[in-house]
Amino acid sequence: MSARVVTISAAFGARGDVVGPAVAERLQLPFLDRAIPVRVAGEIGCTLEEALAHDGRAESGIGRILAGAARLPNVALGAMDVYLPEQAIIRPEEFVEHTERVIHRTVELGGGVLLGRAAALVLAGLPGVLHVRLDGPRERRLAVAAHELAKSAEGRAAAVPGGRRGRAGGGTRGPAGATGTPDRDVERMLDDNDRARTAYVKHFYGADPADPRLYHLVIDTTRLPVSAAVDLIAAAARAL
């Protein structure tokens, strides 16, 4: 028997969106990433876009809003409401409460692989749950992110009829040497995401998501291939 619930906390550029689904497939468990905001949106009665805007993993999510507000004087973060132009106002605490319910329901319904949402803290101490952190040095995460974004851009261009690739030497090289994503844009995305996710976890749970004490297993996925990371997580799930 393997652990029926695996939580994965992944820093930006640490390949969580690839490792998570692969682990779920290996363990034959549901994978919940975007599915959590969908379910939360259904419970709260808001749109998916509104739910994602409050999601701690989103680049423009509540974590980023809180990080910005924390720099302002006389802001009581614990009681603040969030103003989203042309969208309904949903208290951050309400979104987090519903997200936690979805996470606990996943356990009750037989398990799954949960990416993000501070699931390691929500399920801390629960028997049979494996907690994993994917991370790596900042420069290596930048390189991975630049490479993945460039591949995604090339894929979109190839899917458009009459689309063309950039001329040789005509693009801006990212940290991984791939064309199409300027270094500073990827760096800004990484910093914004890191700041948002850290602020989300610190504000609602008083913890640092990079703290290795929160996890059974910490893997540098900027150095190890995805297949090796999946093997390690699957082995740990069986051992647990």
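Scroll up to find the structure.
Procedures and definitions
- Residues numbered from 1 in each chain as written.
- Predicted model: local features only at pLDDT ≥ 70, side-chain atom pairs only at ≥ 80, totals over all residues.
- Heavy atoms only, no water.
- Helix = DSSP H or I, 4+ residues; strand = E, 2+ residues; numbered from the N terminus.
- Buried < 20%, exposed > 50% of the residue type's maximum accessible area, 1.4 Å probe, protein only.
- Pairing = 2+ DSSP bridges.
- Contact = heavy atoms within 4.5 Å.
- Axes fitted to C-alpha atoms, helices over the stretch in contact; angles between N-to-C directions.
- Core = buried A, V, L, I, M, F, W, Y, C linked by side-chain atoms within 4.5 Å.

Engineer: A description of the environment of A239 should follow, citing residues and the corresponding values.
Structural biologist: Summarising the element assignment, A239 is placed in helix α9 (residues 226-239). Taking the C-alpha atoms as reference points, A239 and A3, separated by 236 residues in sequence, lie 8.2 Å from one another.

Engineer: Can you lay out unusual backbone geometry for me, pointing to particular residues and giving the numbers?
Structural biologist: Notably, R15 is not glycine yet its phi reads approximately 65°, a positive angle. Since its relative accessible area comes to 23%, R15 is described here as partly exposed. Even without being a glycine, A118 presents a positive backbone phi close to 55°. Relative to the elements of secondary structure, A118 occurs in the loop between β3 (112-115) and α6 (119-122).

Engineer: Give me the lowdown on the sheet that holds strand β4 (residues 129-135), citing residues and values where you can.
Structural biologist: Taken in spatial order, the 5 strands of this open sheet run β2-β3-β1-β4-β5, and their pairing is parallel. Single-partner strands in this sheet number two, and they are β2 (31-32) and β5 (217-220). Pairing of β2 with β3 involves 2 bridges; the strand directions are parallel. By the bridge assignment, L32 is partnered in β3 with L114. Sheet strands in contact with α9 are β1 (5-10), β4 and β5, and its direction is about 175° off that of β5.

Engineer: Lay out the nonpolar core in plain terms, naming residues and giving numbers.
Structural biologist: Membership of the largest hydrophobic core comes to 23 residues, with the highest contact counts inside it found for V6, V132, L134 and I233. For this core, the secondary structure elements donating two or more residues are β1, α1 (16-27), β3, β4, β5 and α9. With 5 residues, α9 is the largest single contributor of residues to this core. Excluding residues within four positions of it along the chain, I233 makes contact with V6, V19, V23, L130, V132, L134, L217 and I219. One finds I36, V40, I103 and L114 within the second-largest nonpolar core, a separate group that totals 22 residues.

Engineer: Tell me about the side chain of H131, residues and numbers included.
Structural biologist: With respect to the helices and strands, the residue H131 is situated in strand β4. For H131, a relative accessible area of 5% gives the class buried.

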